[in-house]
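Architecture at a glance
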Number of protein chains: 2
Amino acid sequence: MVNIKDLAKQAGVSVTTVSRVLNNHPYVSDAKRQAVNEAIKATNYRRNINAVHLSTGQTHLIGVVLPFLDHPYFMNVVKGITQAAKAKGKHIVLFETGYQHEKEKSALTMLENKQIDAVIFCSRSHQLKTLEAYASYGPVVLFEDVKTNKCRTTFINHSRVFTEALGYLYDQGHRRIGYSVYRQTGTNSLARKKAYQSFLVSHHLSYNPDYVFTGCLYAEDGNALINQLKCLTAPPTAILVTSDQVAAGMIISARNAGIKIPQDLALIGFNDEPIASLLDLTTIKLPLEQVGQSLLDQALGKQVSHREMASTFIQRKTVEANE
Amino acid sequence: MVNIKDLAKQAGVSVTTVSRVLNNHPYVSDAKRQAVNEAIKATNYRRNINAVHLSTGQTHLIGVVLPFLDHPYFMNVVKGITQAAKAKGKHIVLFETGYQHEKEKSALTMLENKQIDAVIFCSRSHQLKTLEAYASYGPVVLFEDVKTNKCRTTFINHSRVFTEALGYLYDQGHRRIGYSVYRQTGTNSLARKKAYQSFLVSHHLSYNPDYVFTGCLYAEDGNALINQLKCLTAPPTAILVTSDQVAAGMIISARNAGIKIPQDLALIGFNDEPIASLLDLTTIKLPLEQVGQSLLDQALGKQVSHREMASTFIQRKTVEANE
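Since the model is a prediction, treat every value here as computed from it, not as a measurement.

Every α-helical turn comprises 3.6 residues, leaving residues that sit three or four positions apart pointing alike. Residues and elements named next belong to chain A. For helix α13 (residues 288–300), built from 13 residues, the straight-helix expectation of 18 Å at 1.5 Å per residue is met to within 8% by its first-to-last C-alpha distance of 19 Å. Turning to α13, its buried residues number three or more, namely L288, V291, G292, S294, L295, L296, Q298 and A299. Close packing links the buried residues of α13 with β1 (61–66), α5 (72–87), β3 (118–121), β4 (140–142), β5 (152–156) and β11 (306–309).

Any pair of aromatic rings gets described here by the distance separating the centres and the angle formed by the planes. Here the structure, examined in full by the defined rule, presents 26 aromatic pairs over all chains. Taking 6.4 Å as the distance between ring centres and 65° as the angle between the ring planes, the aromatic pair formed by A:F68 and A:Y218 counts as edge-to-face. With A:F68 in the loop between β1 and α5 and A:Y218 in the loop between β7 (212–213) and α10 (219–230), this pair connects stretches of sequence that are 150 residues apart. Side by side, A:F68 and A:Y218 carry an identical accessibility label, which is buried. Ring geometry for B:F68 against B:Y182: centres 5.6 Å apart, planes inclined by 85°, an arrangement best described as edge-to-face. You can see B:F68 sitting in the loop between β1 (61–66) and α5 (72–87) and its partner B:Y182 sitting in the loop between β6 (177–180) and α9 (187–202), a full 114 residues away along the chain. Judged by its relative accessible area of 13%, B:F68 is buried. The ring centre of A:Y99 lies 3.8 Å from the NZ or CZ of A:R183, which sits over that ring. The side chain of B:R192 reaches across the aromatic face of B:F270, ending 5.1 Å from its centre.

Here we come to the relation of the copies chain B and chain A. The transform that puts chain B on chain A rotates by 180° and translates by 0.0 Å along the axis, for an RMSD of 0.1 Å. This pairing of chains is accounted for by a two-fold axis. Taking the C-alpha atom as reference, chain B places B:V93 closest to the rotation axis, 2.2 Å from it. A high fraction, 100%, of the interface residues of chain B reappear at the interface in chain A, so the copies pair face to face through one surface.

On to the domain arrangement of chain A, then. You can read the domains of chain A as domain 1 (4–47), domain 2 (59–156 + 289–308) and domain 3 (158–285). Taken over C-alpha atoms, the centre of domain 1 of chain A sits 67 Å from the centre of domain 3 of chain A.

Reading the values: rules and limits
- Residues numbered from 1 in each chain as written.
- Chains lettered and ligands numbered in written order.
- Predicted model: local features only at pLDDT ≥ 70, side-chain atom pairs only at ≥ 80, totals over all residues.
- Heavy atoms only, no water.
- Helix = DSSP H or I, 4+ residues; strand = E, 2+ residues; numbered from the N terminus.
- Expected span 1.5 Å × (residues − 1).
- Buried < 20%, exposed > 50% of the residue type's maximum accessible area, 1.4 Å probe, protein only.
- Contact = heavy atoms within 4.5 Å.
- Phe/Tyr/Trp six-rings, centres within 6.5 Å; stacked < 30°, edge-to-face > 60°.
- Lys NZ or Arg CZ within 6 Å of the ring centre and 35° of its normal.
- Least-squares fit on C-alpha atoms with pLDDT ≥ 70 in both.
- Domains from an automatic or database assignment.

Put into structure tokens, the structure is as follows:
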């Protein structure tokens, strides 16, 4: 491969001159600049971009950590990140972790080794303090509402969203209200759990562990949820389902199970995916693409910042008043 | 930042000795090795991995080009790629292109600039010869059945799959058979078009342009397709739908439109996504995760190779005999 010394020899100038031409330095005579440019053409010289990155300390790569690739929720966030990255001339390196510690760690190690400029966690299993420890190597950005002065965050206030949705179902006459989530831990799940328990207390309702459904992420989990409902003597009359995918699975399975939606069971989904509109699912729209854009923006920013994004309640046909 | 010279000074040894210790070279005395290791600890020296990559010429990054992130078809391929990449200590850099030329080009430019070691095209809009021209910089891998001795390929024989599925519908008594695709061009779409036209000729059926539906990729496109059907005086009695997402949208919308599936309209989907099983959709399972694993394997291999992957017909409840 042709290097800068070969170019200098070919052009009959010094290495310094070649370097100045390559870096668009102004103090080069037109004659020398022309000689170098001709040498570049003659030798088919290609600059090694990694060497340039080594000198500038930037890779223009941003790590994106997420547990599952095959879910619209995460894909919509990644879509927003990718769009914003493209506009800034950055590329994303993907880490699908399945919530495994070591796989999250490999993203942090790449940040430490300067192989990526920043890392965005769409969700995580590591403790916050572990991520904070790596923030000295480069921006660490989180999609969750946590208190930190080391990591940047963009988040949805899941506690308020949950409280409002539960209140809406209560106002429609529902008293046996359940909810579904994927993980029991995790910032969002904990915020939802707390909001749910506060809601029960303030509305003088008792807690029933049968009304809390975990492990719900995909459409087939909605099918399993419907099967669980069939075993309950006093099933919930309304469920907050934190994924449109799961709600879609429930609607499809409920038909076969003879459960009428919304008469027997009211549903509120989350995300407002295309399937929600097709199935007339009442849902809470999360601005996931904008969240992704914000996360990327924070990954490139100089300062730690925290941003809340608003959700929108979309009323369709899966909730009606419970008499 | 501490560099190798600082380490040598701190340890009281030569730069060559430090380099030997860092590269696990055997000809270093234990005393000197210990001195260097102590200097590494004392100075908190971290090796710049990008400099190592510069000397080895490898980045351990593989580019993955795909048109849309938010579709299960592509996500399943990416899932397979990511799984195989993890096992080999590689990471993937994602390029979502929306089939825009310049966005595909940016992946090729990164290959040229040695910022990625190889590039996998899940789908493309550029001409084959453009991609072939970049194969001299590193492996270019395609998920399609094209004749090339420069690019590596893993593919599904869409022509045969289509011919078999059309034959199955014919044997069930269907004579007005249509199909849906996303693009009219593209290797897969052209193979399907050719197979469809050959099928019509060999079965003495006439071609009806109203039975070919394009622009169909997402569930909402299935809704639009059902609306198109309502305007036809002699609609098809069976449709090969090259995406389970579209077929799912059709099943949901058909209910509201009073079209009975399979009595009025038989459907065969593609991919065998979870929604297909939930909706009892007869479909053709494509081994997309294995395809992804194969693509990654080829990206790391030394030689150009071509691999065909088999599909599986999954009979459920959306096709019945047409009397």
